[in-house]
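Architecture and fold: a report
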Amino acid sequence: MAGLKRRPGRYESWGLSLLGLGLFLGVWQVLAVGMTAGPQVLPAPLAVIETTRHLLVAPFAGHTLLGHLAASLQRFGLGFGLAALVGVPLGLAMGRFGWLDDLVTPLFEALRFVAPLAWVPFAVLWFGTGIGGPVMVIFAGAFPPCLVNAYRGARQVEARLVEAAQTLGAGPLRIIVEVLLPGALPAIVAGLRVAAGLAWQSLIGAELIVAGAGLGFVMVQAQSSLSPQIVMAAMAAVGLVGMLIDIALRRAEWAIRRQWDQLA
Amino acid sequence: MKDIRFDGVGKTFTTRGGAACVVLHDIDLTVQAREFVAVVGPSGSGKTTLLRMAAGLDQPSAGEVRVGGRRVTGPGPDRAVVFQHFALFPWKTVRQNIAFGLRCQGASRARQTVAVDRYLALMGLDDAADRYPSQLSGGMQQRVALARSYAIEPDVLLMDEPFGALDAQTRTVMQEELIRLSRQEPRTVLFITHAVEEAVYLADRVVVLAHDPGRLREIVDIGPTRAAEAWNTRPIHEVMELPSFTHLRTRLWRLLRDQIRPGN
Ligand SMILES: Nc1ncnc2c1ncn2[C@@H]1O[C@H](COP(=O)(O)OP(=O)(O)OP(=O)(O)O)[C@@H](O)[C@H]1O
Ligand SMILES: [Mg+2]
């Protein structure tokens, strides 16, 4: 009603999504089979699915597909968790203390335009190519939205709630934990979702360059061994897992927003 | 129990354009320990500003505010504030809201429970203990706010139009409850209101502020009449029909009207 575009019904919507996916796969299949260049340039979707099934049981470049996925997820979890653990409290504190805001903001504003992948040389130099290097690159990708959303969320918490807490004897730490954090929670979770997407993207980027396992590593190895189906299988896995992460966090965001709207 | 002393207090705000705006000028006022002083005055005469300076939420531009002999420099739990719009923490239950100040003081679990239960009973909130503020009526929310402030056993209570957001009936009930509460637990109270009747019914003394700049116009003594006619033990509608009450009300109303009338 409110929107300008007409929303299709729920089943219609599902149907259209499936149709889009089917069309995409169909055109892909026709192109792959019909092209003279052959599977070395564009593997057919069915071949990719077959390869994926194979990779689930047979190791490639040291691990099965799930093994590589686990390596990637571990780095993702560490980098993303670290970014949230540092970014959210720092953002909340910046929303509370003007001096901290002044101290951090200029530096942050300059650094956040440096693409996460630009940190790769230093990440390798400082933390190596195992876990540390990629984790630092992910951290660089995920940190800004964690900080920015916590900061904006904290600034939007009503001043009188902070004042009420102050007059009841709450110190700075308690105000951050018990007033700003819950008050900013919907904004924070929205930020975490964006951060997770960026973290996952930078992870794969980092693994293309460093690491001895992981989905990005699989792509590089497959490319050098001239197996485009494997590259595509890894790409599909990246897309699928990224989507699942996003769906999970989107649900969390909805749930919290709905609950908070009820409380407001 | 502590007193509140305003000594030559002035407040000047600088507007965004850089112009100075004198909101309060040379206020000398002492609220004795255990005294209930109401402040009335036209909108914009600086009532809220006066209260915020006693709370430590604003600093005077001239003079000083002392509570219990000590100069006020910031908010503290010896001075609880009750705000017009309650300022309850929406994500905390009634019980958690009331316990907040006690937790800030590091009170033991047992002491918290005892105090919270006592105020729940005193304010008739037993059934609402585990509800969230959004699930309560305005009157109940303000009861929670009162309980939250009383629970930390402050020396001084600062109330800024605490019943201003309530409907007429609820308001009357709350006025009676406040009288009952102050009889059971006398505190030093500074009470801001728009409503002359409310001021006469509740206060020992009523301070009338003049407008532009806000300054002391007159102080009307209610205490002797209240004591002589035992207002505190009689229902509000009965008190409001007493000749002494209507006389005081009319006198205050005249004083106030002189402030509001243009050109004065
Ligand atoms: N932070 C501020 N910056 C600039 N001006 C302010 C600020 N706070 C209050 N004022 C101005 O000071 C004057 C007095 O405000 P105050 O809120 O104390 O009045 P009040 O008597 O409580 O009014 P009301 O009865 O409407 O609540 C107003 O003109 C207001 O615009
Ligand atoms: Mg006011």
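Below: a short report on this structure. (Residues numbered from 1 in each chain as written. Chains lettered and ligands numbered in written order. Predicted model: local features only at pLDDT ≥ 70, side-chain atom pairs only at ≥ 80, totals over all residues. Heavy atoms only, no water.)

1. What about the overall build of chain B?
Counting its regular elements, chain B contains nine helices and 10 strands. C-alpha atoms of chain B, sized along the principal axes, occupy 55 × 45 × 35 Å. Counting all 264 residues of chain B, 55% fall into the buried class. The long-range share in chain B, meaning contacts at least 24 apart out of those at least 6 apart in sequence, stands at 69%. Entry remark: accessible area of chain B is about 11,200 Å², with carbon and sulfur atoms responsible for 47%. Counting 34 positive and 30 negative side-chain charges, chain B places the averaged centre of each group 4 Å from the other. (Helix = DSSP H or I, 4+ residues; strand = E, 2+ residues; numbered from the N terminus. Buried < 20%, exposed > 50% of the residue type's maximum accessible area, 1.4 Å probe, protein only. Contact = heavy atoms within 4.5 Å. Areas by Shrake-Rupley, 256 points an atom, 1.4 Å probe, with all protein chains shown as cover. Lys, Arg positive; Asp, Glu negative; His and termini not counted. Charge placed at Lys NZ, Arg CZ, Asp CG, Glu CD.)

2. Examining the sheet that holds strand 1 (residues 4-14) of chain B
On the basis of which strands lie adjacent, the open sheet formed by four strands has the order 2-1-4-5 (chain B) and antiparallel pairing. Strands at the two margins of the open sheet, each flanked by one partner only, are strand 2 (20-31) and strand 5 (70-71) of chain B. (Pairing = 2+ DSSP bridges.)

3. Notes on the side chain of Arg-226 of chain B
All names here are of chain B. Along the polypeptide, Arg-226 turns up in helix 7 (residues 223-228). For Arg-226, a relative accessible area of 5% corresponds to the buried category. If we skip the residues at most four places from it in the chain, Arg-226 touches Ile-179, Val-200, Tyr-201, Leu-202, Ala-203, Asp-204, Trp-231 and Asn-232.

4. Thoughts on the sheet that holds strand 3 (residues 36-40) of chain B
All names here are of chain B. If you walk across this open sheet you meet the six strands as 6-7-8-3-9-10, and the pairing is mixed. Each having just a single partner strand, strand 6 (79-82) and strand 10 (215-221) make up the two edges of the open sheet. Strand-to-strand twist in this sheet, taken as the mean axis angle between neighbours without regard to direction, amounts to 20°. Two strands pair when backbone bridges link them, and strand 3 and strand 9 (residues 205-210) are joined in this way by four bridges, in the parallel orientation. The partner of Val-40 across the bridge, within strand 9, is Val-208. Seen against the sheet, helix 4 (residues 138-151) touches strand 6 and strand 7 (156-160) and runs at an angle of roughly 175° to strand 6. (Axes fitted to C-alpha atoms, helices over the stretch in contact; angles between N-to-C directions.)

5. Some details on the site of ligand 1
Residue and element names in this part refer to chain B. Every residue lining ligand 1 is accounted for by Phe-13, Val-23, Pro-42, Ser-43, Gly-44, Ser-45, Gly-46, Lys-47, Thr-48, Thr-49, Glu-161 and His-194. Between Ser-45 and ligand 1, the recorded distance is 3.3 Å, taken from a backbone N or O atom to an oxygen atom. Thr-49 is positioned with one of its side-chain polar atoms (N or O) 2.5 Å from an oxygen atom of ligand 1. Coverage of ligand 1 by the protein amounts to 58% of the 630 Å² it exposes when considered alone. Ranked by residue count, the leading element in the shell around ligand 1 is helix 1 (residues 47-55), at three residues. Here the residues of the shell around ligand 1 are counted per class, giving three nonpolar, seven polar and two charged. (Near = heavy atom within 4 Å. Polar contact = N/O pair within 3.5 Å; in protein donor to acceptor, adjacent residues only side chain to side chain. Nonpolar A, V, L, I, M, F, W, Y, C, P; charged D, E, K, R; others polar.)

6. Points about helix 4 of chain B
Under the 1.5 Å per step criterion, the end-to-end length of helix 4 of chain B is 20 Å for 14 residues, consistent within 8% with the ideal 20 Å. Taken across its 14 residues, helix 4 of chain B has 12 buried, putting it largely inside the fold. Among all positions of helix 4 of chain B, only Gly-139, Gln-141, Gln-142, Arg-143, Val-144, Ala-145, Leu-146, Ala-147, Arg-148, Ser-149, Tyr-150 and Ala-151 of chain B are buried. Those residues of helix 4 of chain B that are buried are in contact with helix 7 (159-167) of chain A together with strand 6, helix 2 (94-104), helix 3 (109-122), strand 7 and helix 5 (168-184) of chain B. Positive phi appears at Glu-153 of chain B, one or two residues downstream of helix 4 of chain B, with a value of about 45°. (Expected span 1.5 Å × (residues − 1).)

7. Section: the nonpolar core
A general feature of soluble globular proteins is that nonpolar side chains tend to end up buried together. One finds Ile-4 and Phe-6 of chain B to be the most contacted residues of the largest nonpolar core, which totals 157 residues. At 14 residues, the largest contribution of residues to this core is made by helix 8 (residues 172-209) of chain A. Counting only domains with at least three residues in this core, you end up with domain 1 (4-78 + 155-257) and domain 2 (88-153) of chain B. Apart from the residues lying within four places of it in its own chain, the contact partners of Phe-6 of chain B are Ile-27, Asp-28, Leu-29, Leu-50, Ala-54, Glu-64, Val-65 and Leu-190 of chain B. (Core = buried A, V, L, I, M, F, W, Y, C linked by side-chain atoms within 4.5 Å. Domains from an automatic or database assignment.)

8. Section: the side chain of Asp-3 of chain B
All names here are of chain B. The topology assignment puts Asp-3 in the segment before strand 1. For the buried Asp-3, which has no salt bridge, the nearest side chain bearing the opposite charge is Arg-5, at an N-O separation of 5.3 Å. Leaving out residues up to four positions away in the same chain, Asp-3 has contacts with Thr-30, Val-31, Gln-32, Ala-33, Arg-66, Val-67, Gly-68, Gly-69 and Thr-188. (Salt bridge = Lys/Arg side-chain N within 4 Å of Asp/Glu carboxyl O.)

9. Some points on the layout of surface pockets
All names here are of chain A. One number sums up the size of the largest pocket: a volume of about 670 Å³. Around the largest pocket, the lining is made up of 22 residues, and of these Met-232, Met-235, Ala-236, Ala-237 and Leu-240 lie nearest the centre. When contributions to the lining of the largest pocket are tallied by element, the ones reaching two or more residues are helix 1 (10-34), helix 2 (45-57), helix 3 (65-96) and helix 10 (228-263). Broken down by element, the lining of the largest pocket gets its largest block of residues, nine residues, from helix 10. Classifying every residue of the lining of the largest pocket by side-chain character gives 20 nonpolar, two polar and no charged. (1 Å grid on protein atoms, 1.4 Å probe; cavity = no way out; pocket = protein on both sides within 12 Å on 5 of 7 lines; lining within 4 Å. Points joined across faces, edges and corners; volume = space filled by probe spheres on them.)

10. Concerning the environment of Val-179 of chain A
Tracing the backbone through its elements, the reader meets Val-179 of chain A in helix 8. Under the relative-accessibility criterion, Val-179 of chain A is labelled buried at 0%. Beyond its immediate stretch of four places on either side in the chain, Val-179 of chain A contacts Val-157, Leu-161, Val-162, Ala-165 and Arg-174 of chain A together with Phe-89 and Trp-91 of chain B.

11. Re unusual backbone geometry
Residue and element names in this part refer to chain B. Residues Asp-212 and Pro-213 are joined by a peptide bond in cis, for which omega reads 0°. Here Pro-213 is to be found in the loop between strand 9 and strand 10. The phi dihedral of Arg-34 falls on the positive side, at around 70°, and the residue is not glycine. Within the secondary structure, Arg-34 is located in the loop between strand 2 and strand 3. A positive phi angle, close to 60°, is found at Asp-212, a residue other than glycine. Along the chain, Asp-212 falls in the loop between strand 9 and strand 10. Among the residues examined, Asp-212 registers a relative accessible area of 64% and is labelled exposed.

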